[in-house]
Every structure is written in C-alpha cells, then in structure tokens.
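Reading the structure
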Amino acid sequence: MSDNSFKGLFTRYKDNPIIQVCDIPYPVNSVFNAAAAQVKDYTLLLMRVEDRRGISHLTVARSRDGIAGWEIDPAPTWLPDPATHPEEIWGIEDPRITRIDELNLWAIVYTAYSADGPLVSLATTKDFSTFDRQGVVMPPENKDAALFPVRFDGRWAMLHRPVPSFPNMGAHIWISFSPDLKHWGDHQILIPARRGGWWDANKIGLSPPPLYTERGWLILYHGVRTTGSGCIYRLGLALLDLANPTRVLARSDEWVFAPEEPYEVLGDVDKVVFPCGWVAQGDDVCMYYGGADRCIALATARISEMLGWLETHHTE
Ligand code: BMA
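From a predicted model like this one, the values you see are computed outputs, not experimental measurements.

Empty space among the atoms becomes apparent when a probe as large as a water molecule is rolled across them. Of the volumes computed, that of the largest pocket is approximately 530 Å³. Lining the largest pocket are 22 residues, with R99, P149, P210, L211 and W278 positioned closest to its centre. Elements represented by at least two residues in the lining of the largest pocket include exactly β3 (30-39), β7 (92-100), β16 (211-213) and β20 (273-281). By residue number, the principal contributor to the lining of the largest pocket is β20, which donates five residues. Looking at the lining of the largest pocket residue by residue, the classes come out as 14 nonpolar, five polar and three charged. Each pocket or cavity is described by its volume, and for the second largest pocket that value is around 310 Å³. Lining the second largest pocket are 19 residues; nearest its centre among them are R48, D94, K143, Y233 and D293. Those elements that provide at least two residues to the lining of the second largest pocket are β3, β7, β11 (142-147) and β17 (216-227). Among the residues forming the lining of the second largest pocket, the class breakdown is eight nonpolar, two polar and nine charged.

As a further point, take the site of the ligand. Contacts to the ligand come from N33, R48, D94, K143, Y233, V269, V272, F274 and D293. Between the ligand and N33 there is a distance of 2.9 Å, counted from an oxygen atom to a side-chain nitrogen or oxygen. Here an oxygen atom of the ligand sits 3.0 Å away from a polar atom, N or O, in the side chain of K143. Out of a free accessible area of 310 Å², the ligand has 86% covered by protein chains. Using a 2 Å cut-off from the grid points, one finds that the ligand occupies the second largest pocket.

What follows is about helix α2 (residues 303-312). For α2, every residue scored as buried is listed here: I303, M306, L307, W309 and L310. Taken down its axis, α2 places every buried residue within 165° of arc, on the same side. Turned more than 90 degrees from where α2 packs its buried face, E311 and T312 sit exposed.

The rules behind these values
Residue indices begin from 1 for each chain and proceed along its sequence in written order. Since the coordinates come from a predicted model, pLDDT governs what is reported: local features require at least 70, and pairs of side-chain atoms require 80 or more to be given and counted, while whole-chain, interface and lining totals use all residues. For side-chain calculations, the full set of non-hydrogen atoms in the structure is used, while hydrogens and water are omitted. Throughout, the protein atoms alone are placed on a 1 Å grid, and a set of points is a cavity if a 1.4 Å probe fits but cannot get out or a pocket if it is open with protein on both sides within 12 Å along at least five of seven lines; lining residues have an atom within 4 Å of a point. Grid points are joined across faces, edges and corners, and a volume is the space filled by probe spheres set on the points. Per the convention used, a helix needs a DSSP run of H or I reaching at least four residues, while a strand needs a run of E reaching at least two, with both numbered from the N terminus. The classification used treats Ala, Val, Leu, Ile, Met, Phe, Trp, Tyr, Cys and Pro as nonpolar, Asp, Glu, Lys and Arg as charged, and all other residues, Gly among them, as polar. We call a residue near a molecule or strand whenever a single non-hydrogen atom of that residue lies within 4 Å of it. Pairs of N or O atoms within 3.5 Å make up the polar contacts considered here, provided that, within protein, one atom can donate a hydrogen while the other can accept it, and that residues adjacent in sequence are counted only when both atoms are side-chain atoms. Residue burial considers only the protein chains on display, and all accessible areas are found by Shrake-Rupley using a 1.4 Å probe. To decide whether a molecule occupies a pocket or cavity, check its atoms: if more than half lie within 2 Å of the grid points, it is inside. Burial classes follow relative accessibility: with a 1.4 Å probe on protein chains only, a residue under 20% of its type's maximum area counts as buried, one over 50% as exposed, and anything between as partly exposed. This arc describes the spread of directions from the helix axis toward the C-beta atoms.

Purely spatial values, then, with no claim about function.
So, in structure tokens, the structure goes:
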C-alpha cells in the first residue's frame, strides 16, 4: 500500500520535450519512442519517426550530453524495405538497442508492421549508418522485445510480448532463448499481466532493454489500463536474477511513472509514456520516452533508489 509520500523515482527534465516534430529536418507527422545508446562520447537516439502517410521509419539523433544540442540526420536513417522484407510493409517501429560486446556490435530489435500484424525483427549495426537485417525472430502478433547483452549458459535471451488471438487471455512478457540469435525456443511467460482493476491488468510489455545492476536485471515495463475514455500507459519496475533471468525477484505493485504533463497527456494517442531506451552512467540513468505518440522526453532516476524502492514495494 502507498504511504502517500511517493514523490517519484523519476525527475522530468525541465525543458521537456527534448525533441519534437519541429526539430526534424524534413516533413513528418510525429517523432517518439526512441531507442538509446551511449556510443563513444555521445548519446545516440534511434527515433521512431512517423511520416505523413502514417508509416514509421527510424532516424538517428546525437548529443554530447544526452540532454540538448541534438544533431539529427538530415534524411531518414533507416527506412522500411518492403521490397526485400515484406514484413516491413507498414513501417518499422519502437526499436530497442543492446550493446553485445562479445560480438562487437549493436543489436537492434524492432517492430516490423506486417500485413498480418506487428512482429519482431532483429538487425545489427556497428556504426548506426548501415543496418544488417537478420530477419523476423518472432511471428505476429508480437512486439516490445529486447535482447540481454550476455548469454546465459551459452544461450542468448530475449524478452518480448506476444498477443494471443484467443479473447481475454492477457498479453504477458515472455522470455525465450537462442543459441545463435536466429532460432528461438524454450518460450515461457516471465511476467504475467495482472487482472481486474490493476494498473497493469491484461496487457503489459517491456519498455527499454534489461539494465544490469549488481542486484539483478532491472526491468522497466509498461502497463496498459483500459478505461472508459481510452488507454493509460504507465510504467512499473521488476528485477530478474542475474544468472537466471527466468527468476523474477521482485515486481512493483504500484506504477512509478505515469502521464501527467501536457506533452504526455495530449497527442496522437493521449496518456502515453513509452520509453524504448535508457542510458546508465554510474548510479544515474537517463530514460528517453515517447510522450503521447508525438514527442521525445527525458526523465532521470537513480538506480539505487529504484532498487531500494522495489525492495519495499513488491509483490513477488
Ligand atoms: C503501443 C505501441 C507504441 C505506442 C503505444 C501507444 O502498442 O505501438 O508504439 O506508443 O501503443 O499508442
């Protein structure tokens, strides 16, 4: 139960949003849901940009301090390519970046919007200017996926969110394993959506990729509450065992971040906060999130505070 003293683990940047449509050097409808990575001495955002047809592509922005002075590629960095990848016919969306030191590359897991629904695709890059598509890794309907940066007993692991076609079954966060990043199996539900009146009832999904901490993999996930006036996307925390990520050590009972500011409450889709990337430096983490499907905003938090809060506010 809340003691009414919750002041928020995340602090919004005072000049939010940090990137909006007017910052994109070519005509677009919206910019939101960006993956993030620390690359050399700058922060890189791989932004979802929706064009004026409604089809999304990805464009890179770079900043020295991860806050301001964003340099945005003058044209789309990475376009869908339905001629060679038909599953990208209606766009590529919501990327998540994982640095894989063992392979000396960045892995990008993204939503490809196929004619049969959203699915999960994987690409790799070394420079964020050319992208090597590795193909579809999860069939539709599936999204909100990200890789762990290391293997577990020799196998790669991915979190993702399939949506069952059977009604009222709930859309949960699953974990799957692969020997080669191509063939995936050993699928299991990791974090189930709650039921009833909970903020994370019926439909949840991973937000940014799992974050390594000494106490476990820190998970930030979104819960989608359906109300009489539409959905509310809010964020909660979970912690997974470092050696065995199928073990959930803790899961927040309350949400930790929710749409409150005008740029989160009103947009193409109202009441949405949707992070696809966070960048940690020591104990500090910068969370980059889409606001109401129309802009990119920044909020900061301390890892130690999130872990401490989870210890006293969890149900698992
Ligand atoms: C989810 C994803 C996100 C989007 C959110 C709110 O299903 O598609 O890209 O931000 O819905 O519209």
